[in-house]
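Listed below are the residues making up each chain.
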Amino acid sequence: LHDALPICCGQSRPVRGGSTGRPLCAVCTRPDQSFWKRCPTCAEMTKLADGPCARCVLRQRLASLLGGPDGRVGPQMQALYENMAAVERPATVLSWLNHEHSTTILSDIASGKLRLSHDTLDRLPAAKTVEHLRSVLVAIAALPARDEHMVRIERWVTATIAARADPDERYLLQRY
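Nothing here was measured: the structure is a model prediction, and the numbers come from that model. Along each chain, numbering runs from 1 in the same order as the chain's sequence is written. Under the rules for a predicted model, residues below a pLDDT of 70 receive no local features and side-chain atom pairs below 80 are neither given nor counted, while totals for whole chains, interfaces and linings still include all residues. Note: side-chain values were computed over all heavy atoms of the structure, leaving out hydrogens and water.

Draft legend 1. Structural detail: helix H3 (residues 75–85). Taken together, the buried positions of H3 are Met 77, Leu 80, Tyr 81, Met 84 and Ala 85. Projected onto a plane normal to the axis of H3, the buried residues spread over an arc of 120 degrees and lie on a single side. Here, two residues are considered to be in contact whenever any of their heavy atoms come within 4.5 Å of each other. Under the DSSP-based scheme used, a helix requires at least four consecutive residues in state H or I and a strand at least two consecutive residues in state E, with every element numbered from the N terminus. As for H3, its buried residues are in contact with helix H2 (54–66), helix H4 (90–97), helix H5 (100–111) and helix H7 (128–139). For every residue, the accessible area obtained with a 1.4 Å probe (protein chains only) is divided by the maximum for its type, and the residue is called buried under 20%, exposed over 50%, and partly exposed between those limits. The arc in question is traced by the directions running from the helix axis to the C-beta atoms.

As structure tokens, this is what we get:
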């Protein structure tokens with residue numbers, strides 16, 4: 001129920017109350033305007049606390065992470081920025097960005113230290129953050145789709161053959 005987006009007030013927002021037949025967003029659940037705080041950046045009034053909303057914090061974080069010294073996001077990272085900034089649950093992306101591994105990879109790609117490619121991601125230590133980033137980059141067409149299961153099998157076969165000390169065994173295994 002929380003993932004559905006009701007259009008109870010003309011806005012498409014996450015469900016925060018009501019019923020299955022009549023879902024309500026947070027504002028419609030508690031229409032008293034004095035209850036809600038306004039985001040100083042975007043002026044959205046759906047917050048319980050003072051300060052910027054999660055979406056604005058996410059946009060600022062992504063701009064500083066993916067942007068250059070002037071804060072502008074380059075064309076190579078623009079699709080990633082736009083897709084990550086537009087997610088339904090910005091707090092989830094912020095949580096993912098709290099992993100140092102994620103931010104290091106993203107900033108290295110954005111700065112040009114790392115090239116945006118499958119080969120680059122393949123050379124990084126295997127981790128869930130790398131695989132998640134790869135799936136996001138493929139989903140937004142920043143990287144071409146590929147058969148990840150086949151890639152894993154090929155890596156395993158290569159490592160298994162290389163682990164054999166006997167050259168005859170390696171030769172025999174390579175033929176399969």
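Draft legend 2. Broad picture of the side chain of Thr 103. Tracing the backbone shows Thr 103 in helix H5. On the basis of relative accessible area, Thr 103 is assigned to the buried category, the value being 14%. For Thr 103, the contacting residues outside a window of four places in its chain are Arg 61, Leu 65 and Leu 97.

Draft legend 3. Expanded view of a nonpolar patch on the surface. A cluster of nonpolar side chains, namely Met 150, Ile 153, Trp 156 and Val 157, defines an oily patch on the protein surface of about 410 Å² accessible area. Looking at Ile 153, the relative accessible area reads 48%, which means it is partly exposed. Residues enter a patch when their relative accessible area is above 30% and they make no salt bridge; the linking distance is 9 Å between like charges and 5 Å between nonpolar side chains (Val, Leu, Ile, Met, Phe, Trp, Tyr). Residue exposure ignores everything except the shown protein chains as possible cover, and the areas themselves are Shrake-Rupley values with a 1.4 Å probe. By definition here, a salt bridge exists when the distance from a side-chain nitrogen of Lys or Arg to a carboxyl oxygen of Asp or Glu is within 4 Å.

Draft legend 4. Focus on the side chain of Thr 129. On the secondary structure map, Thr 129 appears in helix H7. Leaving out residues up to four positions away in the same chain, Thr 129 has contacts with Trp 96, His 99, His 101 and Ser 102.

Draft legend 5. Looking closely at the state of the cysteines. Only a pair of cysteine sulfur atoms within 2.5 Å qualifies as a disulfide here. Taken as a whole and assessed by the stated rule, the structure comprises 0 disulfides. Cys 56 provides the cysteine sulfur closest to Cys 39, a residue in no disulfide bond, and the two sulfurs are 3.7 Å apart. By relative accessible area, Cys 39 is classed as buried at 1%. Cys 56 carries a free sulfur, and the closest cysteine sulfur to it, the one in Cys 53, is 3.5 Å from it.

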